[in-house]
Amino acid sequence: MSDFLLKLFKVESINKLPIDRLYPIVEALDQDQRKLIASSYELGLEGLSEREEIDAIHEMILSKFKDTLLSFDEKEHKSFYDFYNGTVDYGDENVYVNMKKFTSLGLMYLFLSKTGGYFNFVIPVELIEEYEKLLKSS
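Thresholds applied
Residues numbered from 1 in each chain as written. Predicted model: local features only at pLDDT ≥ 70, side-chain atom pairs only at ≥ 80, totals over all residues. Heavy atoms only, no water. Axes fitted to C-alpha atoms, helices over the stretch in contact; angles between N-to-C directions. Helix = DSSP H or I, 4+ residues; strand = E, 2+ residues; numbered from the N terminus. Parallel < 35°, antiparallel > 145°, perpendicular 65-115°, else oblique. Left-handed = near helix turned anticlockwise from the far one by under 90°. Contact = heavy atoms within 4.5 Å. Buried < 20%, exposed > 50% of the residue type's maximum accessible area, 1.4 Å probe, protein only. 1 Å grid on protein atoms, 1.4 Å probe; cavity = no way out; pocket = protein on both sides within 12 Å on 5 of 7 lines; lining within 4 Å. Points joined across faces, edges and corners; volume = space filled by probe spheres on them. Nonpolar A, V, L, I, M, F, W, Y, C, P; charged D, E, K, R; others polar. Pairing = 2+ DSSP bridges. Phe/Tyr/Trp six-rings, centres within 6.5 Å; stacked < 30°, edge-to-face > 60°. Lys NZ or Arg CZ within 6 Å of the ring centre and 35° of its normal.

Peer 1: For this particular structure, what's the right way to read the packing of helix 3 (residues 31-40) against helix 4 (residues 50-70)?
Peer 2: When two helices pack together, their arrangement is given by the angle between the helix axes and by the axis-to-axis distance. Following both chains from N to C, one finds helix 3 and helix 4 inclined at 40°, their axes separated by 10 Å at the closest point. Accordingly, the angle class assigned to the pair helix 3 and helix 4 is oblique. Between helix 3 and helix 4 lies a crossing whose hand is left-handed. On helix 4, the residues touching Gln31, Arg34 and Ile37 of helix 3 are Glu50, Glu53, Ile54, Ile57 and Ile61.

Peer 1: Explanation requested: the environment of Glu76 in the structure shown.
Peer 2: With respect to the helices, strands and loops of the structure, Glu76 is situated in helix 5 (residues 74-85). Taking the relative accessible area as the measure of exposure, Glu76 reaches 13% and is therefore buried.

Peer 1: How should the side chain of Glu53 be read in this particular structure?
Peer 2: Along the chain, the position of Glu53 falls in helix 4. Glu53 gets classed as buried once you look at its relative accessible area, which sits at 8%. In contact with Glu53, other than residues within four places in its own chain, are Gln31, Arg34, Leu45 and Leu48.

Peer 1: Got a minute to help me understand empty space enclosed by the protein in this structure?
Peer 2: To find the voids left in a structure, one rolls a probe of water-molecule size over its atoms. Scanning the entire structure with this criterion turns up 1 cavity of 30 Å³ or more. In this structure, the largest cavity occupies an estimated 60 Å³ of space. Lining the largest cavity are Glu12, Leu29, Gln33, Leu36, Ile37, Thr103, Met108 and Tyr109. With 3 residues, the single largest contributor to the lining of the largest cavity is helix 3. Tallied by class, the residues present in the lining of the largest cavity amount to 5 nonpolar, 2 polar and 1 charged.

Peer 1: Any chance you could explain the sheet that holds strand 2 (residues 109-112) here in plain terms?
Peer 2: Ordered by their spatial adjacency, 3 strands build an open sheet running 1-2-3, and the pairing between neighbours is mixed. Looking at the sheet topology across the chains shown, the edges are occupied by strand 1 (13-14) and strand 3 (119-122). Of the pairings in the sheet, the one linking strand 2 to strand 3 comprises 4 bridges and is antiparallel in character. Residue pairing across strands places Tyr109 opposite Val122, the latter belonging to strand 3.

Peer 1: Any chance you could explain the pairing of strand 2 here in plain terms?
Peer 2: The side chains of a regular strand alternate between the sheet's two faces. Of the two faces of strand 2, the one carrying Tyr109 and Phe111 and the one carrying Leu110 and Leu112 are both buried. With 2 bridges joining them, strand 1 and strand 2 adopt parallel strand pairing. The residue of strand 2 that forms the bridge with Ile14 is Phe111.

Peer 1: How do you make sense of the packing of aromatic side chains when you look at a structure like this?
Peer 2: Think of a pair of aromatic rings as described by two things: how far the centres are apart, and how the planes are tilted against each other in angle. For the coordinates displayed, the defined rule picks out 10 aromatic pairs. With 6.5 Å between their ring centres and 55° between their planes, Phe72 and Phe80 make a pair best called tilted. Judged by its relative accessible area of 6%, Phe72 is buried. Ring geometry for Tyr84 versus Tyr131: centroids 5.0 Å apart, planes at 70°, classification edge-to-face. With Tyr84 in helix 5 and Tyr131 in helix 7 (residues 125-137), this residue pair connects regions lying 47 residues apart in the sequence. Judged by its relative accessible area of 24%, Tyr84 is partly exposed. Aromatic ring contacts, followed pair by pair, group Phe65, Phe72, Phe80, Tyr81, Phe83, Tyr84, Phe102, Phe121 and Tyr131 into a single cluster. Above the face of the Phe9 ring, Lys100 is positioned so that its terminal group lies 5.5 Å from the ring centre.

So this is what it looks like as structure tokens:
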């Protein structure tokens with residue numbers, strides 16, 4: 001992976017083995033990562049303990065998931081769907097723009113491989129289940 005991508009996703013990268021459930025992922029985030037997600041939702045974390053921050057972010061992501069998806073334009077919907085399906089065209093520069101957006105919203109997480117050579121992206125199980133319900137109902 002290029003140094004450019006490592007630098008671009010420095011804050012968003014989680015240097016742990018991939019986790020598939022939302023709450024343990026939020027627990028694994030460092031303070032900068034939690035602040036990034038909280039700022040995307042205009043969620044104030046001042047005066048909260050670390051556990052309260054984790055709980056607040058977890059609840060915000062879950063409660064705002066549907067509204068967040070509905071706010072996406074057509075290209076963002078397609079990109080999220082491509083990530084969901086695992087059929088991402090990394091040659092498309094918009095993929096990286098959308099990765100930044102999706103990670104800052106807590107919809108997707110980037111885990112560095114053991115070698116640091118590539119990212120494993122994870123959409124938490126809870127969000128996948130909700131997304132599949134939305135796909136079936138549309």
